[in-house]
Amino acid sequence: MRPRSPQIFVLDTGGQYCHLIARRIRELGVYAEVRRSDVPASELEGARGIIISGGPASVYDENSPRIDAEILDGKAAVLGICYGLQLMAQALGASVTPGVKGEYGLATLHLEDGAASSALLAGLTDAQQIWMSHKDVVATVPSGFSRTGSTSTCAIAVIERPERALYGVQFHPEVVHTAQGQVLLSNFVFGIAGCSRDWDPAHQPGEIERQIRDAVGDRSVFFFVSGGVDSTVAYTLCVRALGPDRVRGVYVDTGLMRDGETPAVEQMFARLGGEVVVEQASAEFLGALAAARDPEAKRSIIGEAFVAVQERIIDSRHLMDGHWILGQGTIYPDTIESGGTSQAAVIKTHHNRVEGIQKLIAEGRIVEPLSSYYKDEVRAIGMQLGLPAEYLERHPFPGPGLAIRCLCSEMDVDLASRGEAFLVPVRSVGVQGDFRTYAPVLATTEYPSKTADLQSSATELVNGSGEINRVIALVDSTAPLAAMRVWKSAVTPQRIVRLREADRIVREMSHASGFDREIWQFPVVLIPLGTAARPDSIVLRPVDSIDGMTAQSVSMDEEALAAMADRLLKVEGVAAVFYDLTHKPPATIEWE
Ligand code: XMP
């Protein structure tokens, strides 16, 4: 649901930066939305500023994202970032040089003559840290522009033409590694585009409730709740908008949930009002998954099983007789990684966007009160609604549940030894540039206490190899790695029980130590690597992130890690415990 007319539009040129930029702008108190890069300028009318995001493409690629050059006609201020700068420069007749190696990571920005009077660079200090990620470079300054910033390897890092309110930066002001990035964005939004503050998610509940009433009319809303923050906040908004008698919910127990989840969800909704019942469907889900091995196939089976259960419930309760509409907790970025807004390749299909649900959307039988909001905004709204902090601060948990953390193999395979490391032929999903990879993992036997070093070498190994997309370090095992192999395996009830028990131990220990409050998420993954008696291993995947779009593998205290591994090795069937050292990119947070 759209809260208002955006003052700032962020044009998506692929990759994941557009949402990060829009979030940063909203953090400044200004409402921003994302659009496809080639949106006609006429559809952006009324905006004060347009930001062309960075993306992984080259202006020389066939089919690379384009812009409507009319956006540069001076009606709105424009800031091109990275690829956005290159598009803008090219459209204005400057040349862009194709890069070979590229520049990725930290760099130092030098302010050039003219920077002192630049509205974009006001308040920025010379020699500040910035973050670069690009191949091509702008080679000539477009006519009428001046160059106000450079780095040692990139001569044209900032350009501007203030009379036309056109600005471009080669680095990424939206990422936290750019020290004064938020100052620069604030200069653009307030100083140049002249936006006024119009955005505070905590003020939104009243408006969202009005929109719910409009969308729902005199019907009632039916929710499939997951216990996660998004569907809980969406449900609560509907209860407030429509009253408890017009909101019903079902929690589908897929058999793929974490330990203790079902009773906890029942308890929570009992407090929120409306009526939520539990539908037991474990046998159905586990039955449908029995033969699946491929991650996308698993997601699709789960998505379709959800739809089948939903349709059965809807039929048996006559919920589609015109009086009911389906409510969902979809949030803004849920659309991006499925290619919803953009040209981005499908990285992983989110289960709430499979065909069955799309059909409901097309028929207009759906209300998604949070579809314009980012996660942190959903939390702020939830706080405003008086939801307990312990619910709002829960780590995200994927809709398809433990199934996508229970990895499978088509066949028995031996490990290939590489000195201190082993190539483990269990494939997991990664993301490099705009592309999804599905590749084996490298397991090192170096103890992960020196994680910072290992993490940077993990990125180098992945980027340099083309063969793997993830690196894990062995923490402890019941047998040497050389004595293990990968076993033919599927998502079986026995493996789910094993994973659930491991997940329970990890959650309990990280909650007791307070570690869970320091991180974004702590997936626990089961991989079919082990001995005949203990055929599986556990991978610990604690990550820090701002929004899940990029993430860093987080180091754990050495003693805590050893104690955790000790308990995990007591779980039936578990041969070894590993630690995932890979950031996102090049790996994803979840393994599938
Ligand atoms: P990845 O693995 O893509 O995850 O780096 C990014 C964030 O999204 C969550 N995730 C999902 N959430 N359904 C969901 O509701 C899904 O299919 C799904 N896949 C990933 C993941 O837990 C992380 O927070």
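Rules behind the numbers
- Residues numbered from 1 in each chain as written.
- Predicted model: local features only at pLDDT ≥ 70, side-chain atom pairs only at ≥ 80, totals over all residues.
- Heavy atoms only, no water.
- Pairing = 2+ DSSP bridges.
- Helix = DSSP H or I, 4+ residues; strand = E, 2+ residues; numbered from the N terminus.
- Axes fitted to C-alpha atoms, helices over the stretch in contact; angles between N-to-C directions.
- Left-handed = near helix turned anticlockwise from the far one by under 90°.
- Contact = heavy atoms within 4.5 Å.
- Nonpolar A, V, L, I, M, F, W, Y, C, P; charged D, E, K, R; others polar.
- Domains from an automatic or database assignment.
- Buried area = accessible area lost by both parts, 1.4 Å probe.
- Salt bridge = Lys/Arg side-chain N within 4 Å of Asp/Glu carboxyl O.
- Buried < 20%, exposed > 50% of the residue type's maximum accessible area, 1.4 Å probe, protein only.
- Expected span 1.5 Å × (residues − 1).
- Arc of directions from axis to C-beta.
- Core = buried A, V, L, I, M, F, W, Y, C linked by side-chain atoms within 4.5 Å.
- Phe/Tyr/Trp six-rings, centres within 6.5 Å; stacked < 30°, edge-to-face > 60°.
- Right-handed = clockwise from strand over helix to strand, strands pointing away.

Engineer: Just to check I follow, could you spell out the sheet that holds strand β17 (residues 413-414) for this structure?
Structural biologist: Two strands in a sheet stick together by hydrogen bonds in their backbones, pointing the same way (parallel) or opposite ways (antiparallel). Read across the sheet, three strands follow the order β17-β22-β24 without closing on themselves; strand pairing throughout is antiparallel. Here the strands that pair on one side only, and so sit at the sheet edges, are β17 and β24 (529-530). Examined bridge by bridge, β17 and strand β22 (residues 485-486) share two bridges and lie antiparallel to one another. Paired with Asp414 across the bridge in β22 is Arg485.

Engineer: Help me understand the packing of helix α7 (residues 282-289) against helix α8 (residues 295-316) in this model?
Structural biologist: To characterise two packed helices, one gives the angle between the axes of the helices and the distance between these axes. The interhelical angle for the contact between α7 and α8, taken along N-to-C directions, is 145 degrees, at an axis separation of 10 Å. Pair α7 / α8 crosses with right-handed handedness. Mapping the contact onto sequence places Glu284, Phe285, Ala288 and Leu289 in α7 and Lys298, Ile301, Ile302, Ala305, Phe306, Val309 and Arg312 in α8. Across the contact of α7 with α8, the residue classes break down as eight nonpolar, no polar and three charged.

Engineer: How should I be thinking about the domain arrangement of the chain in this particular structure?
Structural biologist: Interfaces are frequently sized by the accessible area removed from exposure as the parts join. Domain assignment breaks the chain into domain 1 (8-192), domain 2 (201-399) and domain 3 (406-580). The straight-line distance from the C-alpha centre of domain 1 to that of domain 3 is 38 Å. Across the contact, nine residues belong to domain 1 and seven residues belong to domain 3. Together, Gln16, Arg23 and Pro56 form the three largest contributors to the area buried by domain 1 at its contact with domain 3, with a combined 55%. Viewed at the interface, domain 3 and domain 1 are joined by zero salt bridges.

Engineer: Explain the pattern of salt bridges here, please?
Structural biologist: Here the idea is simple: oppositely charged side chains can pair when their charged atoms come close. Applying the stated criterion across every chain, the model contains 33 salt bridges. We note a salt bridge from Lys375 to Asp230, for which the minimum N-O separation is 3.1 Å. Of this pair, Lys375 sits in helix α10 (residues 375-384) while Asp230 sits in helix α5 (residues 229-242), placing them 145 residues apart in sequence. Both residues of the pair, Lys375 and Asp230, count as buried.

Engineer: Would you mind showing me how to read helix α6 (residues 261-272) here?
Structural biologist: An α-helix turns once per 3.6 residues; consequently, residues spaced three or four apart project the same way. For α6, with twelve residues, the first-to-last C-alpha span of 17 Å sits near the 16 Å given by 1.5 Å per residue. Buried within α6 are the following residues: Glu261, Thr262, Val265, Met268, Phe269 and Leu272. The arc that holds every buried residue of α6, seen down its axis, measures 130 degrees, which confines them to one face. Summarising the geometry of α6, the exposed residues directed more than 90 degrees from the buried face are Gln267, Ala270 and Arg271. In this fold, the buried residues of α6 make contact with β12 (220-225), α5, β13 (247-253), β14 (275-280) and α11 (389-392). Following α6 by one or two positions, Gly273 adopts a phi angle in the positive range, close to 90 degrees.

Engineer: Looking at this model, I keep getting lost on unusual backbone geometry. Mind explaining?
Structural biologist: Peptide bonds are trans in most cases, and residues, glycine excluded, mostly fall at negative phi. Across the junction of Lys584 and Pro585, the peptide omega takes the value -15 degrees, indicating a cis bond. Residue position: Pro585 is located in the segment after β28 (574-580). Look at Asn63: it is not a glycine, yet its phi comes out positive at around 65 degrees. Considering the arrangement of structural elements, one finds Asn63 in the loop between β3 (49-52) and β4 (77-81). Even without a glycine there, the phi angle at Ala165 is positive, about 55 degrees. Its place among the elements puts Ala165 in the loop between β10 (158-161) and β11 (166-169).

Engineer: What am I meant to see in the nonpolar core here?
Structural biologist: Across soluble globular proteins, you tend to see nonpolar side chains buried next to one another. Core analysis: the biggest nonpolar cluster contains 60 residues, and Phe285, Leu540 and Leu568 have the highest contact counts within it. Built from parts of two domains, this core gets at least three residues from each of domain 2 (201-399) and domain 3 (406-580). When sequence neighbours within four positions are dropped, the list of residues in contact with Leu540 reads Val506, Phe522, Pro523, Leu561, Met564, Leu568, Val577, Phe578, Tyr579 and Asp580. Counting residues in hydrophobic clusters, the runner-up holds 42 residues, among them Leu20, Val30, Met132 and Cys154.

Engineer: In this structure, what is going on with the packing of aromatic side chains? I would like to understand it.
Structural biologist: Within the structure shown, the criterion is met by nine aromatic pairs. A centroid spacing of 6.2 Å and a plane angle of 90 degrees characterise the contact between Phe222 and Trp324, whose relative ring orientation is edge-to-face. Of the two residues, Phe222 is situated in strand β12 and Trp324 in strand β15 (residues 324-327); the sequence distance between them amounts to 102 residues. An angle of 70 degrees between the planes, with centres 5.7 Å apart, marks the rings of Phe223 and Tyr235 as edge-to-face. Taken together, the residues Phe223 in strand β12 and Tyr235 in helix α5 connect sequence positions twelve residues apart.

Engineer: Would you explain the sheet that holds strand β2 (residues 32-36) in this entry?
Structural biologist: Strand order in the open sheet formed by nine strands is β2-β1-β3-β4-β11-β10-β9-β6-β7, with mixed pairing between adjacent strands. Every other strand in the sheet has two partners, leaving β2 and β7 (128-134) as the edge strands with one partner each. Adjacent strand axes in the sheet meet at a mean angle of 25 degrees, parallel and antiparallel pairs treated alike. Across four bridges, β4 lies against β11 in parallel orientation. Within β11, the residue paired with Gly80 across the bridge is Gly168. Contacts between helix α1 (residues 17-27) and the sheet are confined to β1 (8-12), β2, β3, β4 and β7, with β2 contributing the most and set at about 160 degrees to the helix.

Engineer: Can you help me understand the pairing of β2 in this one?
Structural biologist: Along any regular strand the residues' side chains alternate between the sheet's two faces. In terms of residue burial, β2 counts as a mostly covered element, since four of its five residues are buried. Here five bridges tie β1 to β2, and the two strands are oriented parallel to one another. Pairing of Ile8 across the sheet is with Ala32, part of β2. Crossover connection from β1 via α1 to parallel β2: handedness right-handed.

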